[in-house]
Amino acid sequence: MKVRELILFFVLLMAVYQDFPFVNYFGEIARSPIVFLTPFLVLYLFSEKKITLTDYTKNYGTYILYLVLVSLIYTTYILFKNKSIYVYDQNILVKNIKMVIYPLCSLVFYQFIYTFLKRTSDLTQCFRVILGIQWFLIVFLWFETQVYKTTEIFLPFLHANPEKYWRVRLLTVESSWSGSVVVIFTFLPIFLSEYLKRKTKEKFLVYCTSAFFFFYYTIHSESKGYLFLVLVSLLPMLIGFMYSKKTLRYILLFSLIPIGFFLSKVYTSLHQEILSQLQTSVTFGTRFTGYLTSIKTFVFNPFGIGLGPYVEIYTQQANKILQTDFMQQFNLGEIKEYLQASKNLSSKTYFFDQLVFGGIPFLLFYYLFFIKRIKRIKKIANSYLLRIVLIYTLLASVFYLTFHIKYEIWFFLAFIDYFEKNEHTKA
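Please read all numbers here as calculations on a predicted model, not as lab measurements. Every residue gets a number counted from 1 within its own chain, in the order that chain's sequence is written. In keeping with the model being predicted, local features are shown solely for residues with a pLDDT of at least 70 and side-chain atom pairs are shown and tallied solely at 80 or more, while totals for entire chains, interfaces and linings include all residues. Hydrogens are left out, water is left out, and the side-chain values use all remaining heavy atoms of the structure.

Looking at this structure, I do not really get unusual backbone geometry. What am I missing?
Excluding glycine, most residues fall at negative phi; most peptide bonds, likewise, are trans. Although it is not a glycine, Lys83 sits at a positive phi angle of roughly 60°. Of note, Lys83 is situated in the loop between α4 (55–82) and β1 (86–87). In this structure, Lys197 takes a positive phi of about 55° despite not being glycine. To qualify as a helix, a DSSP run of H or I must reach at least 4 residues; to qualify as a strand, a run of E must reach at least 2; elements of each kind are numbered from the N terminus.

What follows is the structure, given as structure tokens:
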């Protein structure tokens, strides 16, 4: 590998590492090592003679500025109302500063990836790096599946909590976080092998490793959110892509029986899990309360409440929802415990969290930064593969995933941003 390839490989490896033990010393922001790389990424950007800011970057930066503004407005309101800057054990002003670090780091990372790719202008190098990350994750996944159902603890020094974890999670904190890593590093190598018109043997190898990675992980995954999206969106889109390609159509026909078996296994696992846990699951009760609380907070604060002030306002709305008769049928033990302090207060999804923080301006940003890409990337050759990942990402942001330190998602978004501006005209 060349030096630039090694740099990109290291940065992407750190991006998929999402349970860094330093979280125990520096807080949740340190769950990803990217926060410690951010100063170096900034130095790299400043070393450029000219930094290109795309429409997406400008939209993201504008949205962050709005979050700062609305945070200051609501912080001032709480200060005068309560005669104190503290809510529970949290200084709201300090909370604002801590919370704004997340989007700032993701913005810097996003701009670094875009600038790095633009400066390199060699997608073959990028292809080799992404494929290398995939192979590394496949090896890691293989060894993890050999021990995750045993009493042996798999590489405990890599995780913030060294205790036994009974599900597959790769380098992330929990099973639900690893799905986006698998999806991105399954479909990007396929896309680049097609776009770069690699040799037939090489493309065949990429298809085989990607298919193995995706299906092997899915069979072993116990993340309800991931399995749900595989069942209702991702797999149908994948089948549609294979059917649209003459060379893959025959493979699809021969694969109908194993695919049917795979679908039935996923459906059975998901169906039994939902039926058994709908009313008893602690996770469902917490998430469902989070969704309802976010919607109610948005209705009464349509322009958002900011990053720090949500500790008080979101908590008040959550307590009111928990008092309704309808909610008593669910297991609310976890969410009630969360409401006693200022930690873990959120819907645990990017869309609903940001709906609380930014309100209507967030909806505008969400359209311009995420949804608009679906239409714009259609000009790219084999864009179906990119749309599969993008739609999965959008659905995950609504149902079960937050993007605070999910840097593989920001990498993917920066990658297609680069592609829109610099590559699709060559296809």
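I would appreciate a short explanation of the packing of aromatic side chains in the present structure.
Working definition: an aromatic ring pair is given by the centre-to-centre distance plus the angle between the planes. Centres within 6.5 Å make a pair out of two Phe, Tyr or Trp rings, where for Trp the six-membered ring is used; the pair is then stacked when the planes are under 30 degrees apart, edge-to-face when over 60, and tilted otherwise. Evaluated as defined, the whole model comprises 56 aromatic pairs. Seen from their ring centres, Phe403 and Trp410 are 6.2 Å apart, and the 85° between their planes marks the pair as edge-to-face. One exposure class covers both Phe403 and Trp410, and it is buried. Only protein chains enter the area calculation, which uses a 1.4 Å probe; residues under 20% of their type maximum are buried, those over 50% are exposed, and those in between are partly exposed.

For this particular structure, what's the right way to read helix α3 (residues 34–46)?
Three- or four-residue spacings in an α-helix give side chains the same orientation, since the helix completes a turn every 3.6 residues. Counted at 1.5 Å a residue, the expected span for α3 with its 13 residues is 18 Å, and the 18 Å between its end C-alpha atoms agrees. The bend at a residue is defined as the angle formed between two axes, one fitted to the seven residues ending at that residue and one fitted to the seven starting there. The largest bend along α3 reaches roughly 25° and is located at Phe40. Restricting attention to buried positions, one finds in α3 the residues Ile34, Val35, Leu37, Thr38, Leu41, Tyr44 and Leu45. Contacts from the buried residues of α3 go to α1 (3–16), α5 (92–120) and α17 (407–422). Helix span, as expected, comes to 1.5 Å for every residue beyond the first. Contacts are assigned to residue pairs with any non-hydrogen atoms lying within 4.5 Å of each other.

So what exactly am I meant to see when it comes to the nonpolar core here?
In summary, soluble globular proteins display a tendency toward joint burial of nonpolar side chains. In these notes, a set of buried Ala, Val, Leu, Ile, Met, Phe, Trp, Tyr and Cys residues joined through side-chain atoms within 4.5 Å is what counts as a nonpolar core. Counting residues in each nonpolar core, the largest one holds 130 residues, and the members touching the most others are Phe109, Phe370, Trp410, Leu413 and Phe415. No other element matches α5, which puts 14 residues into this core. What Leu413 contacts, discounting residues up to four positions off in sequence, is Tyr110, Phe369, Phe370, Arg373 and Leu390.

For this particular structure, what's the right way to read the environment of Leu155?
Mapped onto the secondary structure, Leu155 falls in the loop between α6 (123–147) and α7 (175–195). When its relative accessible area of 28% is taken as the criterion, Leu155 is described as partly exposed. As for Leu155 and Glu144, which are separated by eleven residues in sequence, their C-alpha atoms are 8.8 Å apart.

I'm lost on the side chain of Asn301 in this one. Help?
Checked against the element boundaries, Asn301 lands in the loop between α12 (282–300) and α13 (310–322). Counted as a polar contact is a pair of N or O atoms within 3.5 Å, where, for protein atoms, one must be capable of donating a hydrogen and the other of accepting one, and residues adjacent in sequence contribute only when both atoms are in side chains. At 3.0 Å, the side chain of Asn301 forms a polar contact with the side chain of Tyr74. Contact partners of Asn301, with chain neighbours within four places excluded, come to Tyr74 and Ile313.

Teacher, can you tell me more about a nonpolar patch on the surface here?
Two joining distances apply to patches: 9 Å for like charges and 5 Å for nonpolar side chains (Val, Leu, Ile, Met, Phe, Trp, Tyr), and every residue must have over 30% relative accessible area and no salt bridge. To measure how exposed things are, a 1.4 Å probe is used in the Shrake-Rupley method; for residues, cover is taken only from the protein chains shown. The working definition used for a salt bridge is a side-chain nitrogen of Lys or Arg within 4 Å of a carboxyl oxygen of Asp or Glu. A cluster of nonpolar residues, Phe22, Tyr25, Phe26 and Phe36, forms a patch on the protein surface that exposes about 460 Å² of accessible area. Assignment of secondary structure puts Phe26 in helix α2 (residues 23–26).

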